[in-house]
2 protein chains.
Amino acid sequence: MANQVGTLYGVGIGTGDPELITLKGLRILQRSPVVTFPAGVGNQQGTAEAIVASYLRAEQIRVSITFPYTQDEAVLSEAWQAGAAQVWHYLSQGQDVVFVSEGDVSFYSTFTYLAQTLQRQHSEVKVETIPGICSPLAAAAALGIPLTIRHQKLAILPALYTVSELETALRWAEVVVLMKVSSVYPQVWKILEQHQLLGRSYVVERATSQHQKIHSDLINCPTLELPYFSILIIHVEA
Amino acid sequence: MANQVGTLYGVGIGTGDPELITLKGLRILQRSPVVTFPAGVGNQQGTAEAIVASYLRAEQIRVSITFPYTQDEAVLSEAWQAGAAQVWHYLSQGQDVVFVSEGDVSFYSTFTYLAQTLQRQHSEVKVETIPGICSPLAAAAALGIPLTIRHQKLAILPALYTVSELETALRWAEVVVLMKVSSVYPQVWKILEQHQLLGRSYVVERATSQHQKIHSDLINCPTLELPYFSILIIHVEA
């Protein structure tokens, strides 16, 4: 009889503070023989691995998976297949594998591509996702300002969008969140200035981590040097 | 010298599975002498209290706060003031108070009104929020389908909205979430039918709780008897 195939667990670990993992996420993480993470840049430890490092035991196998920062479909597809093969190596031997992901695993997460690639190649693979604290909620908690209340509609835009998409969001929603805003910040700043929204907008870098930084005086910040994990929250409604 | 005023902590406890509280939320909850919850309907235990009941010690003071289900501003304002007075009773004696909230405390949460009412009356009150798993992420995890990937824009609508707001969201976003959909489900169903989106829409009742129920065959469900905590996810994009 063949080995039973292991289960792939995607565990969202929150945005930086190791205490923001859920009890369920921690339980699944600690009982799993194999733990995988997105690889860090260069030879550095990745962010997700750093967040959970203190929870891991020496005997747990750690595997880094490289997800290149590119829009090139061919390069991405190759990387996901290589990552799926790394994970399948353990699953096929009957071992469970946990993939830990910053934030939540269903919300703009690399976990999706890994899981989908694996299931296309090996339809017998079972996948379970354990939700985590996503960055808009972490940033709101850091600011001490509610993200949304009552009748407010919320629009969330990922890193890639056009000016007209942002303009539509500002007309439609009472609260607008821009994920990973670093690369487009100067253009966004101009739009917020035109709409007189700079006084109701906030940037949070690396929410809940030791390096968290809040920018609440955007009127004086037409440019900002921001890290990759930076988020902008606009309360369109006063 | 007067007592130092206690701190009010808002702790998001997730959507039903007690294991979805964060380590930080549990630590703050267990060390706090006073724990408050939204009151249940009638004399029943409220949902939030039920979720965390197993984590509480007998010596912790439990306080239920009544938040009426109404849009009447005067009734609501009176309830928030009464709740703020209940909490202030302990804070003013130097005791910390935790308010636990289903889902996340910054995301359409009653915690906001309680905290804001308190701070208007007693500006010295310190408030700290510990984020929790919100229902869109819990529902996505339950479905085993990512909420958003890559370039997808996300629109979230609370319970109250007009048909035209929903139509705009369906044009603008690749993923649309309707919170607390029970009261408007039949109207929403007709719009989804017109847009041929029923096959890409899912309803999740009480995500992650013991009573979780998934409806993924909406084409055959023009009406549904849904509980208050029901959410509808529409993947507009195939």
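Residues numbered from 1 in each chain as written. Chains lettered and ligands numbered in written order. Predicted model: local features only at pLDDT ≥ 70, side-chain atom pairs only at ≥ 80, totals over all residues.

The 10 strands are arranged β9(A)-β8(A)-β10(A)-β7(A)-β6(A)-β6(B)-β7(B)-β10(B)-β8(B)-β9(B) in an open sheet whose pairing can be described as mixed. If you trace the sheet from one side to the other, it starts and ends with β9 (213–215) of chain A together with β9 (213–215) of chain B, each paired once. The sheet shows a mean angle of 15° between the axes of neighbouring strands, taken without regard to direction. Pairing of strand β8 (residues 201–205) of chain B with strand β10 (residues 230–235) of chain B, which is carried by five bridges, proceeds in the antiparallel orientation. Bridging from a neighbouring strand, Tyr-202 of chain B pairs with Ile-233 of chain B of β10 of chain B. Here helix α6 (residues 163–172) of chain A sits on the sheet and contacts β6 (154–157) and β7 (175–178) of chain A; the angle it forms with β6 of chain A, its principal contact strand, is near 165°. (Pairing = 2+ DSSP bridges. Helix = DSSP H or I, 4+ residues; strand = E, 2+ residues; numbered from the N terminus. Axes fitted to C-alpha atoms, helices over the stretch in contact; angles between N-to-C directions. Contact = placed C-beta atoms within 7 Å.)

Glancing now at the relation of the copies chain B and chain A. The two copies are related by a screw motion: chain B maps onto chain A through a turn of 180° and a shift of 0.0 Å along the axis, at an RMSD of 0.0 Å. These values place the two chain copies in the arrangement generated by a two-fold rotation axis. Looking at chain B, 100% of its interface residues are interface residues in chain A too, so the copies touch through the same face. (Least-squares fit on C-alpha atoms with pLDDT ≥ 70 in both.)

This paragraph deals with the interface of chain B and chain A. Note: interface size is frequently given as the accessible area lost on complex formation between the parts. Across the contact, 42 residues belong to chain B and 42 residues belong to chain A. Of all elements in the fold, only α1 (23–31), β5 (126–130), α5 (135–143), β6 (154–157) and α6 (163–172) of chain B reach the threshold of two or more residues within the side of chain B that touches chain A. In terms of residue class, the side of chain B that touches chain A is made up of 26 nonpolar, nine polar and seven charged. Alignment of β6 of chain A against β6 of chain B, held across three bridges, turns out to be antiparallel. Following the sheet pairing, Ile-156 of chain A is matched in β6 of chain B by Leu-154 of chain B. (Nonpolar A, V, L, I, M, F, W, Y, C, P; charged D, E, K, R; others polar.)

Okay, the nonpolar core next. Counting 141 residues, the largest nonpolar core has Val-100, Leu-114 and Ile-231 of chain A together with Val-100, Leu-114 and Ile-231 of chain B as its most contacted members. If sequence neighbours within four positions are ignored, Leu-114 of chain B has contacts with Ile-65, Trp-80, Gly-83, Ala-84, Val-87 and Phe-99 of chain B. (Core = buried A, V, L, I, M, F, W, Y, C linked by C-beta atoms within 7 Å. Buried ≥ 20, exposed ≤ 12 C-beta atoms within 10 Å, placed from the backbone.)

The next thing to look at is the packing of helix α3 (residues 73–91) of chain A against helix α4 (residues 110–121) of chain A. Residue and element names in this part refer to chain A. One way to put it is that α3 packs onto α4 with a least axis distance of 9 Å and a crossing angle of 70°. The angle between α3 and α4 falls in the class roughly perpendicular. In this structure, α3 contributes Trp-80, Gln-81, Gly-83, Ala-84, Val-87 and Trp-88 to the contact, and α4 contributes Tyr-113, Leu-114, Thr-117, Leu-118 and Gln-121. Looking at the contact of α3 with α4, its residues break down into seven nonpolar, four polar and no charged. (Parallel < 35°, antiparallel > 145°, perpendicular 65-115°, else oblique.)

Right, let's talk about the domain arrangement of chain A for a bit. Residues and elements named next belong to chain A. Under the domain assignment used here, chain A contains domain 1 (7–130) and domain 2 (135–235). Between the C-alpha centres of domain 1 and domain 2 there is a distance of 28 Å. Between domain 1 and domain 2, the residue contacts involve seven residues of the former and nine residues of the latter. Here the side of domain 1 that touches domain 2 is composed, by residue class, of two nonpolar, four polar and one charged. (Domains from an automatic or database assignment.)

Here we come to the pairing of β8 of chain B. As a general feature of sheets, a regular strand has side chains that alternate between the two faces. Residues and elements named next belong to chain B. Counting buried positions over the five residues of β8 gives four, a clear majority of the element. Pairing analysis gives three bridges linking β8 to β9, with the strands arranged antiparallel. From the neighbouring strand, Val-203 faces β9, where its bridge partner is His-215.

Attention now moves to the sheet that holds strand β1 (residues 7–12) of chain B. Residue and element names in this part refer to chain B. Spatially, five strands are ordered β3-β2-β4-β1-β5 in an open sheet, and the strand pairing comes out parallel. Of all the strands in the sheet, just β3 (61–65) and β5 have a single pairing partner and so form its edges. Recorded for the sheet is a direction-independent mean angle of 25° between the axes of neighbouring strands. As defined by bridge partners, β1 adjoins β5 across five bridges and the pair is classed as parallel. Counterpart to Tyr-9 in the pairing with β5 is Glu-128. Relative to β1, α1 is tilted by about 140°, and along the sheet it contacts β1, β2 (34–38), β4 (97–101) and β5.

Here the focus is the confidence of the model for chain A. Looking at chain A as a whole, its pLDDT mean stands at 94, while 99% of the residues score no less than 70. Reported for the predicted complex are a pTM of 0.95 and an ipTM of 0.95. (pLDDT = per-residue confidence, 0-100.)

All right, on to unusual backbone geometry then. Backbone geometry follows two general trends: most residues other than glycine have a negative phi, and most peptide bonds adopt the trans configuration. Even without being glycine, Arg-150 of chain A reaches a positive phi, approximately 45°. For Arg-150 of chain A, the position within the fold is in the loop between α5 (135–143) and β6.

On to the environment of Val-98 of chain A. Residues and elements named next belong to chain A. Within the secondary structure layout, Val-98 lies in strand β4 (residues 97–101). Of the residues examined, Val-98 has 24 C-beta atoms within 10 Å and is grouped as buried. Sequence-wise, Val-98 and Glu-19 are 79 residues apart; in three dimensions their C-alpha atoms are separated by 18 Å. Residue contacts for Val-98: discarding those within four places in its chain leaves Tyr-9, Val-11, Ile-28, Leu-29, Ser-32, Val-35 and Thr-36.

Next up on the list: the environment of Glu-174 of chain B. Residue and element names in this part refer to chain B. Relative to the elements of secondary structure, Glu-174 occurs in the loop between α6 and β7 (175–178). Residues Glu-174 and Ser-201, spaced 27 residues apart in sequence, show a C-alpha to C-alpha distance of 12 Å. Ignoring any residue separated from it by four or fewer positions in sequence, one finds Glu-174 in contact with Gln-152, Lys-153, Val-236 and Glu-237.

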